[in-house]
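This is what each chain is made of:
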Amino acid sequence: MDNYVKLYNEEFGMDICSLKSLQERAINSIIKNDVICMLPTGYGKSLIYEILPIVCREKLKRDACVIVLEPLNVIIQQQMLKLGSKALTLSKNMCETWMKRLECGDCSYIFCHPENIIGEKNIYTILSKKAYSSKLVFIVVDEAHCVIQWGLEYRPIYREIKQLRSVLPHANILALTATLSLQGQKELQKYLLMRNTDIIATPPSKDNISLIVVPRPFITPVQKTYDYVFQPVFLELKKKGQDFPLTIIYCSGSMDWVGYGIEVAWKVLGDDMYAGEKKTENQRVVMYHSSIEKGDEVKKIIYTNLSTNPSESPLKIVIATIALGMGADLRHVSQVIHAGPPKSMEAYIQQTGRAGRDGTQATAVLFWNKSDIGRPDVTQAVKDYCRNCDNCRRSLIDSYFGFGSASSDKNVPICCDICDSNLKNDWLFTPPLNSLQIHAIRTAIQSFVKIQKIQISSMCVESLASNASYYVNAENILKEFKLSETIANALSSIISQLLEIQISK
Ligand SMILES: [Zn+2]
């Protein structure tokens, strides 16, 4: 296979060293029959179909065409950039040149949304011609879990992909996914009319992501319970600045919490919201939801920042709905925080899998409370996973995806908060202060300022009181305000004494 990799590198300007064992197995298998590849995010699933035309040409002396069905534009765009002139995209209004290339089969890769191929009679006619019947054709269903998850409501066309079986009877189907339960694997075969299916899979939990689950208090108004997640994280960002690990905070329940999160960020960070000059590109915290998905400019800034080395990027936290990240190569994310539980274990694995893609140690933290897991849209498996306090989280996940004992054989260094309860410590936040507590601290600071005759604005006093836990550290006071060291030490000791009383209450 090394020879094919070399040709691949030359053709597309890549620098892959060699194929991983399961990539190799998938390539050998798809030439003969249908394949489901369930491999973790970042394993390199797309390389399997990218290299396929080269393998067919060199090994089988046959031309090949790979038709790739993708759910989202962002992946198609990335792949088109990578594969250049060998690829084309099907759309409702294709230019004449591309139409001609399509007709004479002058392409190794065809990318499209299922909506642009399924049921399109003129495309079916083209694909039935000799240009395609004489070639080896492969149908790749990327993010194949969509067939099951989206089948009925959102994108019913996913259930019609099977039509391609009669249009291209000689084509083999390669279904790619990161996450499919045992039950899901069976359903997928049924919906895609797959035959002699080879299932190639690894346990879905990645070894370099430690899994932590933390209960959030059940209090009203609901915002308060989200403060438990947002406030400490933003305070930490304020403290660490550029050293803060690149983080995605998923708000699965509702888009409202994305908006609320950004509100809290502005409150806590103030001018520290920007790294340097106050302009959008320098913002440290941004939000991402479906309307941003449509607006190309902001989306581009976010994705570029997320795939840039964090030491060079100002962006540190993206507060997002599930719209963020499917299939996109977000190389340097090292923390994924769920402000509330996702709907399914599949979604949980996809979303946590966006951390640690560069191979470094990463963390996934899931917050939940009893109101969250009362939601009817949250699956039983997620509820059980949240409530679990006995079993290794990794082994729970692996067995859900059909890998009974696989994880107990693994030796994962930093596994989960059940295997090592210390992992939880960093995430057991002290409750955010309520208005009465802030008032008490404010009053104490005000009288100290008065007695000592210190020149300090009321806005500074306000900031000291509302971000009290940050200013327990006198260095932070020195950094933010023009005060002497003695005064800063005195203020920090007042704050910490008051906080101690508050917390011990
Ligand atoms: Zn564990």
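Computed from a prediction, not measured in an experiment: that's the story for all the values here.

Summing up its helical and strand segments, the protein has 22 helices and 13 strands in all. Dimensions of the protein, computed from the C-alpha atoms along their principal axes, are close to 90 × 50 × 40 Å. Out of the 505 residues belonging to the protein, those deemed buried represent 43%. Contacts in the protein between residues at least 24 apart in sequence constitute 73% of all its contacts with a sequence separation of at least 6.

What follows is about the domain arrangement of the protein. Here the domain parsing of the protein yields domain 1 (2–201), domain 2 (209–427) and domain 3 (435–504). The gap between the C-alpha centroids of domain 1 and domain 3 is 61 Å.

The buried fraction of strand 6 (residues 172–177) is high, at 6 of 6 residues. Here strand 6 shows a buried face lined by Asn 172, Leu 174 and Leu 176 and a second buried face lined by Ile 173, Ala 175 and Thr 177. In the sheet, strand 1 (residues 35–38) pairs with strand 6 via 4 bridges, with the strands oriented parallel. Note that in strand 6 the partner of Cys 37 across the bridge is Leu 176. As paired strands, strand 5 (residues 136–141) and strand 6 are joined by 4 bridges and run parallel to one another. Looking across to strand 6, one finds that Phe 138 is bridged to Asn 172.

This paragraph deals with the packing of helix 2 (residues 21–30) against helix 3 (residues 46–59). Two elements in contact, helix 2 and helix 3, have axes separated by 10 Å at closest approach and are oriented at 50°. Taken as axis vectors, helix 2 and helix 3 run oblique relative to one another. The element helix 2 and its partner helix 3 pack so that their crossing is right-handed. Contacts from Gln 23, Ala 26, Ile 27 and Ile 30 in helix 2 reach Leu 47, Ile 48, Ile 51, Leu 52 and Val 55 in helix 3. Of the residues that constitute the contact of helix 2 with helix 3, the class distribution is 8 nonpolar, 1 polar and no charged.

Neighbouring strands of a sheet are bound in pairs by backbone hydrogen bonds; such pairs are parallel or else antiparallel. The strand order 8-13-12-9-11-10 describes an open sheet built from 6 strands, whose pairing is parallel. Sheet topology places strand 8 (209–215) and strand 10 (285–288) at the edges, where each strand pairs with a single neighbour. Across this sheet, the average inter-strand angle for adjacent strands is 15°, counted without regard to direction. In terms of strand pairing, strand 12 (residues 335–338) meets strand 13 (residues 362–368) through 4 bridges, oriented parallel. Within strand 13, the residue paired with His 338 across the bridge is Leu 366.

To continue, consider the sheet that holds strand 3 (residues 87–89). Ordered in space as 3-4-2-5-6-1-7, the 7 strands form an open sheet in which the pairing is parallel. With partners counted over all chains shown, the strands left at the sheet margins are strand 3 and strand 7 (198–201), one partner each. Ignoring strand direction, the axes of neighbouring strands in this sheet form an average angle of 20°. Pairing between strand 1 and strand 7: 4 bridges, direction parallel. Paired with Met 38 across the two strands is Ala 201, which belongs to strand 7.

The subject of this paragraph is unusual backbone geometry. Trans peptide bonds make up the majority, and among non-glycine residues the majority have a negative phi. For Leu 193, which is not a glycine, the phi torsion comes out positive at approximately 50°. Among the secondary structure elements, Leu 193 is positioned in the loop between helix 10 (182–191) and strand 7. For Leu 193, a count of 14 C-beta atoms within 10 Å gives the class partly exposed. A positive phi angle, close to 40°, is found at Asn 196, a residue other than glycine. Topologically, Asn 196 is positioned in the loop between helix 10 and strand 7.

Contact geometry for helix 11 (residues 222–240) and helix 12 (residues 256–269): axes closest at 9 Å, N-to-C directions at 45°. Regarding the angle of helix 11 to helix 12, the classification is oblique. Crossing angle aside, the handedness with which helix 11 passes helix 12 is right-handed. In this structure, helix 11 uses Gln 223, Tyr 226, Asp 227, Phe 230, Gln 231, Phe 234, Leu 235, Leu 237 and Lys 238 to contact helix 12, whose residues at the interface are Trp 257, Tyr 260, Gly 261, Val 264, Ala 265, Val 268 and Leu 269. Across the contact of helix 11 with helix 12, the residue classes break down as 11 nonpolar, 3 polar and 2 charged.

The subject of this paragraph is the environment of Ser 334. Within the secondary structure layout, Ser 334 lies in the loop between strand 11 (317–320) and strand 12. By the C-beta count within 10 Å, which is 20 here, Ser 334 ends up buried. The sequence separation of Ser 334 and Ser 457 amounts to 123 residues, and the corresponding C-alpha distance is 38 Å. The contact partners of Ser 334, leaving out residues within four places of it in the chain, are Pro 245, Leu 246, Ala 355, Gly 356, Thr 360 and Ala 362.

For helix 2, every residue scored as buried is listed here: Gln 23, Ala 26, Ile 27, Ser 29 and Ile 30. Summarising the contacts, the buried residues of helix 2 are in contact with strand 1, helix 3, strand 5, strand 6 and strand 7.

One finds Phe 138, Val 140, Val 141 and Leu 174 to be the most contacted residues of the largest nonpolar core, which totals 141 residues. With near-sequence residues (within four places) excluded, Phe 138 lies in contact with Ile 30, Tyr 49, Leu 52, Ala 64, Val 66, Ala 171, Asn 172 and Leu 174.

Okay, the environment of Gly 42 next. With respect to the secondary-structure elements, Gly 42 resides in the loop between strand 1 and helix 3. Residue contacts for Gly 42: discarding those within four places in its chain leaves Gly 353 and Arg 357.

As a further point, take the environment of Arg 442. Along the chain, Arg 442 turns up in helix 19 (residues 435–452). Remark: the alpha-carbon pair of Arg 442 and Trp 257, spanning 185 residues in sequence, is separated by 28 Å. In contact with Arg 442, other than residues within four places in its own chain, are Val 461, Glu 462 and Ala 465.

Parameters and conventions
- Residues numbered from 1 in each chain as written.
- Predicted model: local features only at pLDDT ≥ 70, side-chain atom pairs only at ≥ 80, totals over all residues.
- Helix = DSSP H or I, 4+ residues; strand = E, 2+ residues; numbered from the N terminus.
- Buried ≥ 20, exposed ≤ 12 C-beta atoms within 10 Å, placed from the backbone.
- Contact = placed C-beta atoms within 7 Å.
- Domains from an automatic or database assignment.
- Pairing = 2+ DSSP bridges.
- Axes fitted to C-alpha atoms, helices over the stretch in contact; angles between N-to-C directions.
- Parallel < 35°, antiparallel > 145°, perpendicular 65-115°, else oblique.
- Left-handed = near helix turned anticlockwise from the far one by under 90°.
- Nonpolar A, V, L, I, M, F, W, Y, C, P; charged D, E, K, R; others polar.
- Core = buried A, V, L, I, M, F, W, Y, C linked by C-beta atoms within 7 Å.

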